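# Report on the structure
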Amino acid sequence: METSFIAIGFANALTPTNLMFMTLGTALGLMVGALPGLSATMALALLLPLTFSLPPETGLCMLASLYLAAMYGGSIAAILLRTPGTPAAAATLLDGFPMASRGEAGRALGISLTSSLVGGIISGIALLTIAPFLGKLVLLFGPVELFAIAVLGITMIGTLAKGSPMKGLLAGALGLLLAMVGMDPTTGTARFTAGNINLFSGVPFTVALIGLFSIPQAIALAEQARGKQPRPAQISDRVIPRLPEFLRLLPNSMRSAVIGVVTGLIPGTGGDTASWFAYNEAKRFAKDKSRFGKGDPAGVAAPEAANNAVVGGALVPTIALGIPGSSATAVLLGGLMVHGILPGPTLLTDYGDVTYTLIWAILLANIPLFLLGLLFTRFSVIVMRVPRMAVAVAIVVMSIVGSFAINNNLFDVWLMLGFGLLGYIFERAGIPTAPMVIGLVLGMLLDVSLNQSLLIGRGNWGIFLESKISLVLLAIAALSILQATPFFRLVFGRFGRRKAVPQAGTMAGDS
Amino acid sequence: MNSKSLKKKALIIAAALALPFGAAAQQYSAGSEVTVLQGFSPGGGSDALAQLVQPYLSKELGANFVNQYQPGATGAIAWTRLAKQTRADGRTISITNTPMLMTNYIMNPTITYSIDEITPLANVVTDPGVIVVRAESPYQTVEELFEAARANPETITIGNSGVGGDDYFSTIMVEKATGLKFIKVPFQGDGPSWAAALAGTIDASFNNLGITFPQIQAGNLRVLAVFTEDRLPEIPDVPTLREKGIDVVAGSSRGYSGPKGMSAEHVQQFIAAMDRVIANPDFLRDARERAFVIDYRSGDDYMTFLKNQEVTFKAIWEEVKDQAQ
């Protein structure tokens, strides 16, 4: 039964019409991803009505390729302009932008593209082979387990603190505090909103990200405008990575892709979380940690492989159970409903032909993504030749338009500028921004899952130790924290010390 | 106090604005553009209604609809704009969701609009409330679930879609009607709530039929009761709460409203067009395919519907707000 659906789906996805719409979706996705403020979810939702008149398979092919392409597209602005095009690309800029500023923009984008492909292909294969079995796994992740994931995520602040643990913790704590703004999820009380209903839903995450990263960058460009422009010779570097480099990064990309698939699988966590987890692991596995944050290709490959792999991961629960794994897949489900296909367990049986077309589309969309991505990348590198002042102005304009576009709300523009100022102060004071982003990403999840868990556990904190998954995750988190303390070094002697040395040399921070 | 003076101001402004436009554009004509304010993200339930209704309504009314999404504060940002900052020239309307339309300002004094500042046009759909448990759950009937709650008060965990939503309030309504006490666990929407019931993390989920229907059909979830007046043809074997002597009728409804002071011509024209949409068999077929339960109430009927809910929810919230916070 299922094998025949796989064949039907493959044939469906390969029809000329569907291939054409996949290419169209890829082109749109690249643009949407590259523009800050326009997220994949938004683009999917806005495109959805246009697919009503198409056959369901064709519409889904287009939507799937858009989703995938937007994930890569987000890294373009992150690498070239230090402005995350999508929240999932925020981790990419930590190493992507330093690479670009030393004249390796093409190389960084090439690595981003190829690792995105690795992520996309692995997640497509995962979807095709194990989706029906993995689906049930999703149900193992309840509030208790989500809380443990959030705790584990928070420990990443340590990795991202870059030399000064105090400043890192300060930024992380500030991020967590800011995540508490908004309506309390268990009582409905407005917290820290100053009576402003624009803050009732909390600090809009994307708005904060755009401000934090892009405004300081615009100011920096304006400050350097009088200096000499980087030499054009350095810009036209090779985009497609050389085979040895690709192979060297492959284990990293594959590990990150697995992280992406798993993170995508868990409802409530998506590309923004996965890319940080992958970045963190890439750094943990790296021999020389000191190069992270200064333009290490591994720091670009990891988040990019992960955020593309999320696409397939998030579709697993969607397809196996009808539970959307992310907001973007929720929109995809909406696309199915329009055609009278109700999301649910029948997706793999009664509507197997349509569902497997979607799965194949995720896999096959990597082909137009590679070709168009290469074209788009070559074109976008031109940005490096534009005078700095013009780029600075363009970044500010894009940031304003982007932050407005998210909720059609002028308040968000002011909020974005406020975060821009905060980001600039951080930069001047040598406080890393990344830990704050972690706090903002995970604070809400931490808060909600803690409250839910305690309600379910009737107020008993022991509930976190009853679940095996949560126990393991919390143990890993505790180990990560211990690893950073003198106690750990004392016990593990040489091993710990060797790890500690390069960390001390990373005070400089990224430009 | 502040809201009253604002209301007055809004009325004066509305009246002043109505004058110059009065003669020129008192009704919809071919090609006129109507902005539909949506208080939720594209792709959500409100958007689904818009995508279903507006193509048909556009043909009947001759106007083109442009969706404008302004998510935030469970719709309150968009509805505040509708009530306070929108010209009553018929060119801006909004999708209004109950009970959030009322519970927003009942629960948060900072939210200052009220249904007295809008013109309800038509409610289109109501997704009835249901109690669902997973297939492996020991509770076969609603009596068994309630009996367990009676034997061990405050141990049965009941999921809802979030504080202030329809499921949250219907749980309280059931608690009041039966004297039982549940542990109410809020989730971020209906999906996570039923998924938690399916996983067995919680004992039951107060949810909505349209959302859980595929899982019910597949046998993953079992419906114990439905919160409608009468049994539904989709689930004929499932009893209503009323049958069990619990007078709770609840669901999540969505329709269209305009700002206060919309001209009678606009309102009548809109309702007449909507009447024709609702009578269209093609529309009904599309609605059925998307698992929408049509619950059409137009004009004054819709206002009465909202008013009744406002009274109910106000009373409930007065009673429980101190415990909830």
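Keep in mind that what you see is a predicted model, and the values were worked out from it rather than measured.

For chain A, the count of helices and strands is 22 helices and two strands. Relative to the 2.2 N^0.38 estimate, which gives 24 Å for 511 residues, the radius of gyration of chain A is 22 Å and therefore close to what a compact globule would have. C-alpha extents for chain A along the principal axes are approximately 60 × 60 × 55 Å. Looking at chain A residue by residue over its 511 residues, the buried ones come to 61%. Long-range pairs, those at least 24 residues apart, make up 78% of the contacts in chain A with a sequence separation of at least 6.

For the rest of this paragraph, the subject is the overall build of chain B. Per the secondary structure count, chain B includes 11 helices and 10 strands. Computed over the C-alpha atoms, the radius of gyration of chain B is 20 Å, within 12% of the 20 Å expected from 2.2 N^0.38 for a compact globule of 325 residues. Projected onto its principal axes, the C-alpha positions of chain B cover 65 × 50 × 30 Å. Within chain B, the fraction of its 325 residues that count as buried is 59%. If you take every contact in chain B between residues at least 6 apart in sequence, the share linking residues at least 24 apart comes to 76%. Looking at chain B as shown, the accessible area adds up to about 12,900 Å², and 52% of this sits on carbon and sulfur atoms. For chain B, the centre of its 28 positive side-chain charges and the centre of its 35 negative side-chain charges are spaced 7 Å apart.

Right, let's talk about the pattern of salt bridges for a bit. The full count for this structure, using the stated rule, is 28 salt bridges over all chains. Taking the shortest distance from any N to any O, the salt bridge between Glu245(A) and Arg107(A) comes out at 2.4 Å. You can see Glu245(A) sitting in helix H11 (residues 243-265) and its partner Arg107(A) sitting in helix H5 (residues 92-134), a full 138 residues away along the chain. Looking at Arg107(A), the relative accessible area reads 23%, which means it is partly exposed. Linking Asp295(B) and Arg297(B) is a salt bridge whose minimum nitrogen-to-oxygen distance equals 3.3 Å. Overall, Asp295(B) belongs to the buried group, its relative accessible area being 18%. With relative accessibility at 28%, the residue Arg297(B) sits in the partly exposed group. A cluster of three or more residues bridged by salt bridges with shared partners is formed by Arg102(A), Glu104(A), Arg107(A), Glu245(A) and Arg248(A).

Before going further, it helps to examine the packing of H5(A) against H11(A). Residues and elements named next belong to chain A. Across the interface, H5 lies against H11 with an axial gap of 8 Å and an inter-helix angle of 45 degrees. Looking at the two axes, H5 sits oblique to H11. For the crossing formed where H5 meets H11, the hand is right-handed. Of H11, the residues touching H5 (which contributes Arg107, Ile111, Thr114, Ser115, Val118, Gly119, Ile122, Ser123, Ala126 and Leu134) are Glu245, Phe246, Arg248, Leu249, Leu250, Ser253, Met254, Ala257, Val261 and Leu265. Each residue belonging to the contact of H5 with H11 can be placed in one class, and the counts come to 12 nonpolar, five polar and three charged.

Residue and element names in this part refer to chain A. Put simply, H5 and helix H15 (residues 352-364) touch, their axes get as near as 8 Å, and they point 155 degrees apart. Between H5 and H15, the interaxial angle falls into the category roughly antiparallel. Handedness of the crossing formed by H5 with H15: left-handed. Note on element contacts: H15 touches H5 through Tyr356, Ile359, Trp360, Ile362 and Leu363, opposite Gly120, Ile121, Ser123, Gly124, Ile125, Leu127, Leu128 and Pro132. Across the contact of H5 with H15, the residue classes break down as 10 nonpolar, three polar and no charged.

This paragraph deals with the packing of aromatic side chains. Residues and elements named next belong to chain B. Evaluation of the coordinates by the stated rule reveals 17 aromatic pairs over all chains. Put simply, the rings of Phe40, Trp79, Tyr105 and Tyr113 pair up and form one aromatic cluster. The cationic tip of Lys59 hangs over the ring face of Tyr56; the distance from NZ or CZ to the ring centre is 5.7 Å.

How big an interface is tends to be expressed through the accessible area that disappears when the partners come together. Residues and elements named next belong to chain B. One can read the domain layout of chain B as domain 1 (2-125 + 252-324) and domain 2 (127-244). Between the C-alpha centres of domain 1 and domain 2 there is a distance of 29 Å. Contacts between domain 1 and domain 2 engage 16 residues on the former and 14 residues on the latter. When domain 1 packs against domain 2, close to 1,200 Å² is buried across both sides, 70% of that on carbon and sulfur atoms. Counting the surface domain 1 buries against domain 2, the share from its top three residues, Ser252, Val293 and Ile316, is 37%. Across the domain 1-domain 2 interface, the total number found is one salt bridge. Here domain 1 is connected to domain 2 by three residue pairs in polar contact (both at pLDDT 80 or more). Every element with two or more residues in the side of domain 1 that touches domain 2 is listed here: helix H4 (100-107) and helix H11 (299-324).

Taken together, the side chains of Met389(A), Val393(A), Val397(A) and Val401(A) define a hydrophobic patch exposed on the protein surface, amounting to about 350 Å² of accessible area. You can see Val393(A) is positioned in helix H17 (residues 388-407).

The predicted model of chain B has a mean per-residue pLDDT of 88, with 91% of residues at 70 or higher. The low-confidence segment residues 14-24 of chain B, where pLDDT is below 50, has three contacts with residues more than four positions distant or belonging to other chains.

This part is about the nonpolar core. In this structure, Tyr67(A), Leu127(A), Trp276(A), Leu369(A) and Val437(A) are the most contacted members of the largest nonpolar core, which totals 152 residues. The element best represented in this core is helix H4 (residues 56-81) of chain A, accounting for 17 residues. Look past the residues within four positions of Trp276(A) in its chain and what remains in contact with it is Ala90(A), Ala91(A), Leu94(A), Met156(A), Leu160(A), Ala434(A), Val437(A), Ile438(A) and Val441(A). The next biggest cluster of nonpolar side chains, apart from the first, holds 53 residues, and it includes Leu101(B), Ile118(B), Val142(B) and Ile156(B).

Summarising the element assignment, Asn409(A) is placed in the loop between H17 and helix H18 (410-429). For Asn409(A), a relative accessible area of 9% corresponds to the buried category. For Asn409(A), the side chain forms a polar contact with the side chain of Asn198(A), separated by 2.9 Å. Looking at Asn409(A), its side chain comes within polar contact range of the main-chain nitrogen of Phe411(A), at 3.1 Å. Beyond its immediate sequence surroundings of up to four residues, Asn409(A) is in contact with Asn198(A), Phe404(A), Gln70(B) and Ile77(B).

All names here are of chain A. The terminal C-alpha atoms of H18, which comprises 20 residues, lie 29 Å apart, in line with the 28 Å expected from a rise of 1.5 Å per residue. If you check which residues of H18 are buried, you get Asp412, Val413, Leu415, Met416, Phe419, Gly420, Gly423, Tyr424 and Phe426. Turning to H18, the residues buried within the fold contact helix H8 (165-179), helix H9 (205-224), H17 and helix H19 (434-456). Among the residues of H18, the N-terminal cap falls to Asn409, whose side-chain oxygen and the backbone nitrogen of Phe411 are separated by 3.1 Å. The first or second residue beyond H18 is Gly430, which carries a positive phi of 70 degrees.

This part takes up unusual backbone geometry. Both trends apply: most residues other than glycine have a negative phi, and most peptide bonds are in trans. Residue and element names in this part refer to chain B. Residue Thr98 is joined to Pro99 through a cis peptide bond whose omega torsion reads 5 degrees. Mapping Pro99 onto the fold places it in the loop between strand E3 (92-98) and H4. Of note in this structure, Ala73 is not a glycine but carries a positive phi near 50 degrees. Take Ala73: it is sitting in the loop between strand E2 (64-69) and helix H3 (76-84). Since its relative accessible area comes to 1%, Ala73 is described here as buried. Here Thr74, not a glycine, exhibits a phi torsion of approximately 40 degrees, which is positive. Classification of Thr74 by relative accessible area gives partly exposed; the value is 34%.

Definitions and limits used
Residues numbered from 1 in each chain as written. Chains lettered and ligands numbered in written order. Predicted model: local features only at pLDDT ≥ 70, side-chain atom pairs only at ≥ 80, totals over all residues. Heavy atoms only, no water. Helix = DSSP H or I, 4+ residues; strand = E, 2+ residues; numbered from the N terminus. Rg over C-alpha atoms; globule rule 2.2 N^0.38 Å. Buried < 20%, exposed > 50% of the residue type's maximum accessible area, 1.4 Å probe, protein only. Contact = heavy atoms within 4.5 Å. Areas by Shrake-Rupley, 256 points an atom, 1.4 Å probe, with all protein chains shown as cover. Lys, Arg positive; Asp, Glu negative; His and termini not counted. Charge placed at Lys NZ, Arg CZ, Asp CG, Glu CD. Salt bridge = Lys/Arg side-chain N within 4 Å of Asp/Glu carboxyl O. Axes fitted to C-alpha atoms, helices over the stretch in contact; angles between N-to-C directions. Parallel < 35°, antiparallel > 145°, perpendicular 65-115°, else oblique. Left-handed = near helix turned anticlockwise from the far one by under 90°. Nonpolar A, V, L, I, M, F, W, Y, C, P; charged D, E, K, R; others polar. Phe/Tyr/Trp six-rings, centres within 6.5 Å; stacked < 30°, edge-to-face > 60°. Lys NZ or Arg CZ within 6 Å of the ring centre and 35° of its normal. Domains from an automatic or database assignment. Buried area = accessible area lost by both parts, 1.4 Å probe. Polar contact = N/O pair within 3.5 Å; in protein donor to acceptor, adjacent residues only side chain to side chain. Patch = residues over 30% accessible without salt bridge, like charges linked within 9 Å, V, L, I, M, F, W, Y side chains within 5 Å. pLDDT = per-residue confidence, 0-100. Core = buried A, V, L, I, M, F, W, Y, C linked by side-chain atoms within 4.5 Å. Expected span 1.5 Å × (residues − 1).

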